[in-house]
Amino acid sequence: MKLTTLLLGSLTALPAFCSANGAVLVTEQFVIVIAEHCPEGEVSCTDVGYTGVNRKTGEAIALKGEAWVRMCADGITPCGHLGWQFKNGDFIYKVRETPPALTVERGGKNLLKQNAVWTDY
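Residues numbered from 1 in each chain as written. Predicted model: local features only at pLDDT ≥ 70, side-chain atom pairs only at ≥ 80, totals over all residues. Heavy atoms only, no water.

Q: Sorry if this is basic, but what is going on with the packing of aromatic side chains here?
A: Each pair of aromatic rings is reported with the distance of its centres and the angle of its planes. By the definition in use, this model includes 3 aromatic pairs. Considering the side-chain rings of tyrosine 50 and phenylalanine 86, the 5.1 Å spacing of their centres and the 55° angle between planes classify their relative orientation as tilted. Remark: phenylalanine 86 occurs in strand S5 (residues 78-88) and tyrosine 50 occurs in strand S3 (residues 48-54); sequence separation between them is 36 residues. We classify tyrosine 50 as buried; its relative accessible area is 3%. A ring pair is formed by tryptophan 84 and tryptophan 118, whose centres lie 5.8 Å apart and whose planes are at 75°; its orientation type is edge-to-face. In this pair, tryptophan 84 is assigned in strand S5 and tryptophan 118 in strand S8 (residues 109-119), connecting sequence segments 34 residues apart. Taken together through their ring pairs, the aromatic side chains of Tyr50, Phe86 and Tyr93 make up a single cluster. (Phe/Tyr/Trp six-rings, centres within 6.5 Å; stacked < 30°, edge-to-face > 60°. Helix = DSSP H or I, 4+ residues; strand = E, 2+ residues; numbered from the N terminus. Buried < 20%, exposed > 50% of the residue type's maximum accessible area, 1.4 Å probe, protein only.)

Q: Got a minute to help me understand the state of the cysteines in this structure?
A: Per the stated rule, a full pass over the model turns up 2 disulfides. Paired through a disulfide, cysteine 38 and cysteine 45 show a sulfur-sulfur distance of 2.0 Å. Between cysteine 38 and cysteine 45, the S-S torsion sits near 80°, and that sign places the bridge as right-handed. On the accessibility criterion, cysteine 45 (1% relative accessible area) is buried. With a sulfur-sulfur separation of 1.5 Å, cysteine 72 is cross-linked through a disulfide to cysteine 79. Looking down the S-S bond of the cysteine 72 and cysteine 79 bridge, the torsion is 120°, so its handedness is right-handed. Under the relative-accessibility criterion, cysteine 79 is labelled partly exposed at 37%. What connects to what in the protein chain, once the bonded cysteines are numbered by sequence position, is 1-2, 3-4. (Disulfide = S-S within 2.5 Å.)

Q: Looking at this structure, I do not really get unusual backbone geometry. What am I missing?
A: Most peptide bonds take the trans configuration, and most residues that are not glycine carry a negative phi. Residue proline 99 is bonded to the preceding threonine 98 through a cis peptide linkage, with omega at -15°. Tracing the chain through its elements places proline 99 in the loop between strand S6 (91-96) and strand S7 (101-106).

As structure tokens, this is what we get:
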């Protein structure tokens, strides 16, 4: 099956708000939409949506999170955008912007790490 067909089939499970303003990340196992609900240019956005679809099973998960930023030496000013992070109970999902990747952690242990690519649909 072509990737575009698989993507379009998977994305039908995503909420409508994601397709309007979301970035699509594709890993080996997942299609993920990241949707920031903050003004353009806000580096430390605290209103970010994550919708992930398992490419094999079609199961989906929706999470709320925030931008993941590197702080400057003063510990207050954001110096760089790393990606986004989302909590789901004890699990922390991190989506790195560059190089694109998804990691899932629990109790400080890496449970999953998958390289990814950003795509348009």
